[in-house]
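Close look at the chain arrangement
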Amino acid sequence: MRRMNVRVLWRSDEDDEIFTIERKTAMSEKALTRRSFLAGSAGAVALAGAAGFMGFGAWEQAHADSRSTAKTVTTAHSLCGGCSSKCGYTAYVSDGKLIKQLGDEGHPYSRGKLCARGYGYANIAYSEDRLTDPLKRNAQGKFEKIDWDTAISEISDKVKSIISSSGAKALALVHDPRPSGKYYGPRFMQALGSANVYTHGAACYLSRTSGFKQVVGGGWTSDVAHSKMTMFIGRSYADGVRPSQVADIEAAHANGADLVIVDPRLNSTALFATEWVPIKPGTDLALVLGMSNELVRNGRYDADFVAANVEGFEDWKKAIAPYTAEWAEDVCGVPADKIASLAARMAAAAPACSIEPSWRAAFGCQYANSGETARAIAVFNSLLGVWNQEGGALFLPSVKAGALDQGKFPNPPAVSEKAYGLSDLPLASESSALSVAEGARTGDIKGVFFYNSNMVAGYQNPTYLGECFDKLDLCVVIDVLMSETAQHADYVLPECSYLERFELPEFVSASTPVVSLRDQVLDVIHPNTKPVDEIFTLLANACGVGKYFDFTVEELADAQLRTVGLTLDGLRASGTQSFPEKAFVYGTTPKFGTSDGKVHFTSDACAKAGYPAAPIWTAPVADGGSDELRLIGGKQAIHCHNQSVDVAALMNITKDYGLERVWLSSEDAAARGISDGDTVHISNAQSDGTVKVHVTERLAPGCVWMPSHYGCAVPEQKNAYKVGLRQMDFVPFRIEPGYGGACTQEAFVKVEKVG
Ligand SMILES: Nc1nc2c(c(=O)[nH]1)N[C@H]1C(S)=C(S)[C@@H](COP(=O)(O)OP(=O)(O)OC[C@H]3O[C@@H](n4cnc5c(=O)[nH]c(N)nc54)[C@H](O)[C@@H]3O)O[C@H]1N2
Ligand SMILES: Nc1nc2c(c(=O)[nH]1)N[C@H]1C(S)=C(S)[C@@H](COP(=O)(O)OP(=O)(O)OC[C@H]3O[C@@H](n4cnc5c(=O)[nH]c(N)nc54)[C@H](O)[C@@H]3O)O[C@H]1N2
Ligand code: SF4
Ligand SMILES: [Mo]
């Protein structure tokens with residue numbers, strides 16, 4: 001078992017003294033206790049507040065238990081595993097149990113606080129539903145336990161046989177790149193000779209990052225805290241929580257900033273907002289075109305910035321001339337005078353303003369026009385000259401590990417081919433996992449490893465994806481729980497939870513960039529689970545490519561850190577380390593990450609890919625009948641995607657508050673004779689099911705909003721199974737042309753009262 005590197009903080013035979021130290025910490029301003037979470041962070045939002053309050057029951061019990069028996073409290077600096085933000089925190093462990101987590105002040109995402117999910121999800125370590133042993137599907141289609149040696153040797157035999165019959169290009173990896181995973185998984189693929197590495201990007205950010213790349217070369221961070229005005233288009237800081245962003249919007253609100261939420265739904269960020277602009281889902285592109293047209297028509301753009309930095313302005317200007325505010329009103333439902341006022345307010349606030357880059361909802365991946373919407377937004381911000389200006393939109397610095405000694409850490413030979421499917425998506429900034437499903441369906445892909453990914457439940461239509469993966473010769477899932485994806489596996493390999501493993505350093509881009517570390521917090525709870533580095537090293541050895549993995553994860557971490565002047569021991573002791581010499585400085589025009597360092601209002605690549613050179617109006621593709629509503633979704637502050645719903649501390653909040661209900665506008669409800677609390681039947685050609693409904697003025701008519709975490713189809717997830725409906729079940733399979741996004745809101749449903 002790996003050594004647990006923790007510092008002894010307190011040793012006493014007196015129960016009281018343990019209690020004293022906790023009380024002291026709790027009273028310090030920096031400590032995050034249940035109450036300070038409620039008062040100071042996203043907890044101010046009712047939902048998150050409820051979450052925090054109820055979710056800590058189990059937590060406080062563990063805490064209380066430890067008071068009576070504890071002899072030792074140790075701490076470790078680590079990273080949360082509740083979501084991909086990986087916030088830094090200090091873990092407090094007493095008699096082998098996690099008793100407290102305090103957000104690190106120095107970590108740019110936590111800034112001293114964790115969110116409700118961060119606390120609740122930590123209970124995954126102790127979940128009764130965890131995978132404890134490797135599983136193999138038997139001839140009857142049932143999973144049975146096998147030992148690691150047998151699992152690894154059978155999997156490697158299949159890998160070798162696929163390579164000899166079809167080549168390494170028939171193998172693929174789909175993963176959520178967490179610190180160690182993003183090193184070990186892709187390295188394993190490269191060592192085998194495959195370029196086929198995919199992430200959840202297609203179901204999250206792929207269209208957005210690809211669209212931004214065309215215009216300004218990459219993504220930005222809005223300087224919300226210092227802004228005079230920020231527009232949030234399909235992004236809710238108080239629902240899709242990252243603690244630092246909640247702190248930023250709170251600060252902006254306190255400063256009197258104009259904070260506008262563009263959303264078909266009045267989301268929880270309402271608490272900080274000046275205005276809610278309800279919009280017809282999928283039509284945000286029309287709003288942005290209308291606002292851009294207003295800026296040009298009134299000469300209210302930054303002509304100096306445009307003259308010095310922009311390519312294609314005149315062609316773009318001609319192309320957007322038809323998109324008046326009146327035209328946009330017809331398409332997106334936002335009144336023309338409101339569009340004009342938003343544009344004028346942004347111009348007045350410039351350069352201390354921006355459209356926030358958002359994450360997933362409106363233009364991350366969910367519509368056939370998401371990539372083009374992202375392009376239009378990057379263009380709009382450019383018109384206002386906001387780049388790298390205080391209160392504007394910033395390209396923040398990061399630090400990267402340098403090259404390592406090739407004697408000790410030899411890189412596998414580079415693979416010259418592109419990832420399978422990428423050539424068909426000329427605008428995509430990375431490969432789309434949906435290509436893997438297509439490859440499995442056609443037989444081009446024969447073996448897939450899923451690491452920390454529940455693709456079947458979350459990337460697109462689960463029935464369709466499951467059918468694709470059932471055709472594989474080899475499907476291996478590495479997870480902590482049985483998942484919808486694991487239901488289609490030949491082998492399921494159990495990883496220990498994020499609290500029970502050490503991971504590689506994480507380099508975080510921020511105004512002062514940092515490096516942080518997920519240290520091991522708990523001893524391994526189930527002896528037959530293993531961390532990611534060991535699993536891929538075992539697989540590599542068995543597949544004959546072990547020479548690329550002949551080191552421990554600690555050796556690798558130390559070597560990576562030494563390239564930036566740090567050591568593993570030093571980082572373990574300090575937690576997060578910042579690089580003040582690389583800190584961001586306001587005011588200099590960035591060198592944009594495009595091929596020529598310019599901002600591109602028109603794009604040859606887009607023109608070649610079948611889109612107009614300038615981002616002009618492109619409609620979403622799905623269209624409902626007169627009695628149908630567009631199905632849209634969104635996050636709740638207490639859950640993370642699909643992975644958290646089986647955690648009792650979090651799911652109990654859902655059950656107590658009926659959070660699995662879908663939202664329906666009062667107008668659409670009245671037209672269907674539906675009242676708040678009724679059970680409704682939701683159906684389309686893909687799926688159907690019943691669920692309770694929340695009737696509200698907080699949703700624009702024409703759509704139904706489904707929280708995105710529910711509808712678990714895995715009986716082994718005893719707390720989550722069959723609670724609520726899954727949005728993805730209603731989505732027809734589709735890939736956004738050129739960009740590769742999953743088009744997960746290109747779906748309409750009927751909503752009818754039951755009984
Ligand atoms: N609590 C929680 N926080 C998370 C996560 C999580 O799972 N749970 N996941 C993290 C990750 S990986 C991501 S990608 C982010 C996602 O962060 P967001 O993109 O903010 O997530 P969503 O809640 O899906 O969407 C935000 C809002 O967009 C609205 N919306 C839906 N369709 C449209 C549309 O067509 N137009 C407009 N203008 N608005 C629309 C929804 O009603 C919702 O209120 O959250 C991160 N933080
Ligand atoms: N239905 C639905 N679909 C969605 C979303 C949603 O909220 N709901 N969100 C969308 C977005 S924004 C994104 S980013 C993607 C996210 O998609 P994914 O990255 O696939 O996230 P999850 O669906 O939560 O699935 C994560 C899987 O990893 C497992 N896991 C958790 N911890 C560990 C670990 O330590 N080790 C290993 N090996 N496995 C672990 C979980 O048990 C789960 O099966 O999904 C997208 N699709
Ligand atoms: S945002 Fe919340 S769940 Fe995500 S890493 Fe940070 S504390 Fe954990
Ligand atoms: Mo995401």
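Everything in this summary refers to the structure shown in the same document. Because the structure is a prediction, the values reported are computed rather than measured. (Residues numbered from 1 in each chain as written. Chains lettered and ligands numbered in written order. Predicted model: local features only at pLDDT ≥ 70, side-chain atom pairs only at ≥ 80, totals over all residues. Heavy atoms only, no water.)

**A look at the overall build of the protein chain**
When its secondary structure is counted, the protein chain shows 24 helices and 28 strands. Summarising its shape, the C-alpha atoms of the protein chain cover approximately 70 × 65 × 65 Å along the three principal directions. If you take every contact in the protein chain between residues at least 6 apart in sequence, the share linking residues at least 24 apart comes to 76%. Surface accessibility of the protein chain: about 27000 Å² in total, with carbon and sulfur atoms responsible for 50%. Side-chain charges in the protein chain split into 72 positive and 87 negative, and the spacing between the mean points of these groups amounts to 2 Å. (Helix = DSSP H or I, 4+ residues; strand = E, 2+ residues; numbered from the N terminus. Contact = heavy atoms within 4.5 Å. Areas by Shrake-Rupley, 256 points an atom, 1.4 Å probe, with all protein chains shown as cover. Lys, Arg positive; Asp, Glu negative; His and termini not counted. Charge placed at Lys NZ, Arg CZ, Asp CG, Glu CD.)

**Some remarks on the nonpolar core**
Formed by 70 residues in total, the largest nonpolar core has its most connected members in Val174, Met455, Phe469, Leu499 and Val521. Counting contributing residues per domain, this core is built from domain 1 (14-126) and domain 3 (629-753), each supplying no fewer than three. Aside from chain neighbours lying at most four places away, what touches leucine 499 is Tyr89, Leu98, Ala122, Ala125, Gln520, Val521 and Leu522. The next biggest cluster of nonpolar side chains, apart from the first, holds 58 residues, and it includes Val216, Ala325, Cys353 and Ile377. (Core = buried A, V, L, I, M, F, W, Y, C linked by side-chain atoms within 4.5 Å. Buried < 20%, exposed > 50% of the residue type's maximum accessible area, 1.4 Å probe, protein only. Domains from an automatic or database assignment.)

**Some details on the sheet that holds strand E21 (residues 577-578)**
The strand order E19-E20-E21 describes an open sheet built from three strands, whose pairing is antiparallel. Two strands lie at the open edges of the sheet, namely strand E19 (506-508) and E21, each paired on one side alone. Where strand E20 (residues 514-516) meets E21, two bridges bridge the pair, whose relative direction is antiparallel. Considered in E21, the bridge of valine 514 is made with serine 578. (Pairing = 2+ DSSP bridges.)

**A few points about helix H13 (residues 325-332)**
The set of residues buried in H13 consists of Ala325, Ala328, Val331 and Cys332. All buried residues of H13 project into a common sector of 120° when viewed along the axis, lining one side. Of the exposed residues in H13, those oriented more than 90 degrees away from the buried face are Glu326 and Asp330. Next to the buried residues of H13 lie helix H10 (284-297) and helix H14 (336-349). Phi turns positive one or two residues past the end of H13, at glycine 333, with a value near 85°. (Arc of directions from axis to C-beta.)

**Overview of the site of ligand 3**
Of all residues adjacent to ligand 3, which total 13 residues, the nearest are Cys80, Cys83, Lys86, Cys87 and Cys115. Cavity membership is defined here by more than half of the atoms lying within 2 Å of grid points; on that basis ligand 3 lies in the largest cavity. Considering only residue class, the shell around ligand 3 consists of seven nonpolar, three polar and three charged. Mapped onto the domain boundaries, the shell around ligand 3 takes at least three residues apiece from domain 1 (14-126) and domain 2 (216-393). (Near = heavy atom within 4 Å. 1 Å grid on protein atoms, 1.4 Å probe; cavity = no way out; pocket = protein on both sides within 12 Å on 5 of 7 lines; lining within 4 Å. Sits in = over half its atoms within 2 Å of the grid points. Nonpolar A, V, L, I, M, F, W, Y, C, P; charged D, E, K, R; others polar.)

**What about empty space enclosed by the protein?**
Applying the stated rule across the entire model yields two cavities of 30 Å³ or more. By volume, the largest cavity is sized at about 90 Å³. If you trace the largest cavity, you find it lined by Cys80, Gly82, Cys83, Ser85, Lys86, Cys87, Leu114, Cys115, Arg117, Gly118, Val241 and Pro243. A class-by-class count of the residues in the lining of the largest cavity yields seven nonpolar, three polar and two charged. Of the volumes computed, that of the second largest cavity is approximately 40 Å³. Considering the residues around the second largest cavity, the lining is formed by Asn454, Glu484, Asn642, Val645, His709, Cys712, Gln717 and Arg726. Its residues assigned to classes, the lining of the second largest cavity comprises two nonpolar, four polar and two charged. (Points joined across faces, edges and corners; volume = space filled by probe spheres on them.)

**Here we look at the site of ligand 1**
Within the structure, ligand 1 sits among 35 residues, and Arg235, Asp263, Tyr367, Lys635 and His639 are positioned closest to it. Arginine 265 places a polar side-chain atom, nitrogen or oxygen, 2.9 Å from an oxygen atom of ligand 1. When isolated, ligand 1 has an accessible area of 910 Å², and the protein chains bury 100% of it. Partitioned by chemical class, the residues of the shell around ligand 1 number 14 nonpolar, 13 polar and eight charged. (Polar contact = N/O pair within 3.5 Å; in protein donor to acceptor, adjacent residues only side chain to side chain.)

**Quick word on the packing of aromatic side chains**
Scanning all chains against the criterion turns up 26 aromatic pairs. Centroid distance tryptophan 220 to tryptophan 387: 4.9 Å. Interplanar angle 70°. Geometry classified as edge-to-face. Of this pair, tryptophan 220 sits in the loop between helix H8 (206-216) and strand E9 (221-222) while tryptophan 387 is found in the loop between helix H15 (370-383) and strand E15 (393-394), placing the two residues 167 residues apart along the sequence. Like tryptophan 387, tryptophan 220 is buried. Among the aromatic side chains, those forming a connected cluster through ring pairs are Phe212, Trp220, Phe305, Phe363, Trp387, Phe395 and Phe592. Between lysine 100 and the ring centre of tyrosine 92, over which it is positioned, the NZ or CZ distance is 4.9 Å. The ring of tryptophan 705 has arginine 265 sitting right over it, with the charged end atom 3.9 Å from the ring centre. (Phe/Tyr/Trp six-rings, centres within 6.5 Å; stacked < 30°, edge-to-face > 60°. Lys NZ or Arg CZ within 6 Å of the ring centre and 35° of its normal.)

**A look at the layout of surface pockets**
Reported here for the second largest pocket is a volume of approximately 500 Å³. Lining the second largest pocket are 20 residues, and of these Lys182, Tyr183, Arg187, Ala401 and Gln560 lie nearest its centre. Going through the elements one at a time, helix H7 (181-192) and E19 are the ones with two or more residues in the lining of the second largest pocket. If one sorts the elements of the lining of the second largest pocket by residue count, H7 sits on top with five residues. Across the lining of the second largest pocket, the residue classes tally to 11 nonpolar, five polar and four charged.

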